[in-house]
Amino acid sequence: MARHISYKYKGQWKKIPFSYDKYADSFEAVAAAEGIDLTAFRKMEQQVAMTAKGKGALKDYRKNAFVQMGFSEILLLRDDQEPFNL
(Lines give C-alpha, C1' and ligand atoms only; values in the text may rest on other atoms or scores of the structure.)
Protein backbone atom coordinates (compact mmCIF):
# COMPACT_ATOMS: atom_id res chain seq x y z
CA MET A 1 0.00 0.00 0.00
CA ALA A 2 1.39 3.38 -0.99
CA ARG A 3 1.75 5.99 1.70
CA HIS A 4 2.23 9.72 1.76
CA ILE A 5 3.03 12.26 4.41
CA SER A 6 1.17 15.51 4.52
CA TYR A 7 2.78 18.15 6.67
CA LYS A 8 2.65 21.85 7.39
CA TYR A 9 6.03 23.58 7.25
CA LYS A 10 6.23 27.27 8.08
CA GLY A 11 2.51 27.67 7.42
CA GLN A 12 2.46 25.89 4.04
CA TRP A 13 0.95 22.42 3.47
CA LYS A 14 3.10 19.93 1.56
CA LYS A 15 2.71 16.28 0.58
CA ILE A 16 5.52 13.78 -0.09
CA PRO A 17 5.68 10.04 -0.81
CA PHE A 18 6.77 7.89 2.14
CA SER A 19 8.31 4.43 2.45
CA TYR A 20 9.64 2.64 5.52
CA ASP A 21 12.34 1.22 3.24
CA LYS A 22 13.81 4.69 2.81
CA TYR A 23 13.00 6.43 6.13
CA ALA A 24 12.79 5.20 9.72
CA ASP A 25 9.82 7.43 10.56
CA SER A 26 7.75 10.35 9.34
CA PHE A 27 9.92 12.87 11.19
CA GLU A 28 13.00 11.76 9.27
CA ALA A 29 11.12 11.92 5.96
CA VAL A 30 9.83 15.48 6.38
CA ALA A 31 13.22 16.71 7.61
CA ALA A 32 14.88 15.18 4.54
CA ALA A 33 12.29 16.80 2.27
CA GLU A 34 13.10 20.21 3.74
CA GLY A 35 16.88 19.65 3.85
CA ILE A 36 17.14 19.73 7.65
CA ASP A 37 20.09 17.97 9.31
CA LEU A 38 18.90 15.83 12.23
CA THR A 39 22.29 15.03 13.76
CA ALA A 40 21.86 17.21 16.86
CA PHE A 41 18.21 16.17 17.16
CA ARG A 42 19.12 12.46 17.13
CA LYS A 43 21.81 12.93 19.80
CA MET A 44 19.38 14.69 22.12
CA GLU A 45 16.66 12.16 21.32
CA GLN A 46 18.99 9.36 22.48
CA GLN A 47 19.72 11.22 25.72
CA VAL A 48 16.02 11.76 26.39
CA ALA A 49 15.33 8.07 25.67
CA MET A 50 18.03 6.97 28.12
CA THR A 51 16.89 9.23 30.95
CA ALA A 52 13.11 9.25 30.49
CA LYS A 53 10.99 6.90 32.57
CA GLY A 54 8.25 6.58 29.97
CA LYS A 55 7.68 6.97 26.25
CA GLY A 56 5.67 10.16 26.80
CA ALA A 57 8.79 12.25 27.35
CA LEU A 58 10.36 11.06 24.10
CA LYS A 59 7.16 11.72 22.16
CA ASP A 60 6.89 15.22 23.66
CA TYR A 61 10.52 15.95 22.82
CA ARG A 62 10.01 14.96 19.17
CA LYS A 63 6.86 17.03 18.85
CA ASN A 64 8.37 20.13 20.48
CA ALA A 65 11.64 19.89 18.54
CA PHE A 66 9.82 19.70 15.21
CA VAL A 67 7.57 22.61 16.15
CA GLN A 68 10.74 24.65 16.79
CA MET A 69 12.03 23.61 13.35
CA GLY A 70 8.85 25.00 11.75
CA PHE A 71 6.62 21.92 11.41
CA SER A 72 3.14 22.28 12.87
CA GLU A 73 1.39 19.10 11.67
CA ILE A 74 2.70 15.79 10.32
CA LEU A 75 0.15 13.25 9.06
CA LEU A 76 0.91 9.78 7.69
CA LEU A 77 -1.66 8.97 4.98
CA ARG A 78 -2.56 5.97 2.87
CA ASP A 79 -2.75 6.63 -0.86
CA ASP A 80 -6.55 6.96 -0.78
CA GLN A 81 -6.64 9.45 2.11
CA GLU A 82 -6.50 13.22 1.95
CA PRO A 83 -5.88 15.49 4.94
CA PHE A 84 -8.77 17.69 6.00
CA ASN A 85 -6.89 21.00 5.71
CA LEU A 86 -4.92 20.44 2.50
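Residues numbered from 1 in each chain as written. Predicted model: local features only at pLDDT ≥ 70, side-chain atom pairs only at ≥ 80, totals over all residues. Heavy atoms only, no water.

(A) How the structure looks around the overall build of the protein. A tally of helices and strands in the protein yields three helices and three strands. Order of helices (α) and strands (β) in the protein, N terminus to C terminus: β-β-α-α-α-β. Buried residues in the protein amount to 30% of all 86 residues. In the protein, once contacts between residues fewer than 6 apart in sequence are set aside, the share between residues at least 24 apart is 57%. Total accessible area on the protein stands at roughly 6,000 Å², and carbon and sulfur atoms take up 50% of it. (Helix = DSSP H or I, 4+ residues; strand = E, 2+ residues; numbered from the N terminus. Buried < 20%, exposed > 50% of the residue type's maximum accessible area, 1.4 Å probe, protein only. Contact = heavy atoms within 4.5 Å. Areas by Shrake-Rupley, 256 points an atom, 1.4 Å probe, with all protein chains shown as cover.)

(B) Local environment of the confidence of the model for the protein. Here the protein shows a mean pLDDT of 89. Residues at 70 or above account for 88%. Mean pLDDT across the secondary structure elements of the protein bottoms out at strand S3 (residues 71-78), with 89, and peaks at helix H1 (residues 26-34), with 95. (pLDDT = per-residue confidence, 0-100.)

(C) Focus on the sheet that holds S3. Strand order in the open sheet formed by three strands is S2-S1-S3, and the pairing between neighbours is antiparallel. Since the sheet does not close on itself, it has two edges, and those belong to strand S2 (12-18) and S3, each with one partner. Strand-to-strand twist in this sheet, taken as the mean axis angle between neighbours without regard to direction, amounts to 20°. Pairing analysis gives seven bridges linking strand S1 (residues 3-9) to S2, with the strands arranged antiparallel. Across the sheet, the residue bridging to tyrosine 7 is lysine 14, located in S2. (Pairing = 2+ DSSP bridges. Axes fitted to C-alpha atoms, helices over the stretch in contact; angles between N-to-C directions.)

(D) Fine view of the nonpolar core. Ile5, Tyr7, Val30 and Phe66 are the most contacted members of the largest nonpolar core, which totals 17 residues. Only S1, S2, H1, helix H2 (39-51) and helix H3 (55-69) provide two or more residues apiece to this core. The leading source of residues in this core is H3, at four residues. The contact partners of phenylalanine 66, leaving out residues within four places of it in the chain, are Phe27, Val30, Ala31, Leu38, Phe41, Phe71 and Ile74. (Core = buried A, V, L, I, M, F, W, Y, C linked by side-chain atoms within 4.5 Å.)

(E) Structural context of H1. For H1, the set of buried residues is Ser26, Ala29, Val30 and Ala31. As for H1, its buried residues are in contact with S1, S2, H3 and S3. Its side-chain oxygen 3.3 Å from the backbone nitrogen of phenylalanine 27, aspartate 25 forms the N-cap of H1. One or two steps after H1, the chain reaches glycine 35, where phi turns positive at roughly 75°. (Polar contact = N/O pair within 3.5 Å; in protein donor to acceptor, adjacent residues only side chain to side chain.)

(F) Inspection of the packing of H2 against H3 at higher detail. At a minimum axis separation of 9 Å, H2 and H3 run at an interaxial angle of 155°. With respect to H3, the element H2 is oriented roughly antiparallel. Between H2 and H3 the crossing geometry is right-handed. In contact with Phe41, Met44, Glu45, Val48 and Ala49 of H2, H3 contributes Ala57, Leu58, Tyr61, Arg62, Ala65, Phe66 and Met69. Partitioning the contact of H2 with H3 into residue classes produces 10 nonpolar, no polar and two charged. (Parallel < 35°, antiparallel > 145°, perpendicular 65-115°, else oblique. Left-handed = near helix turned anticlockwise from the far one by under 90°. Nonpolar A, V, L, I, M, F, W, Y, C, P; charged D, E, K, R; others polar.)

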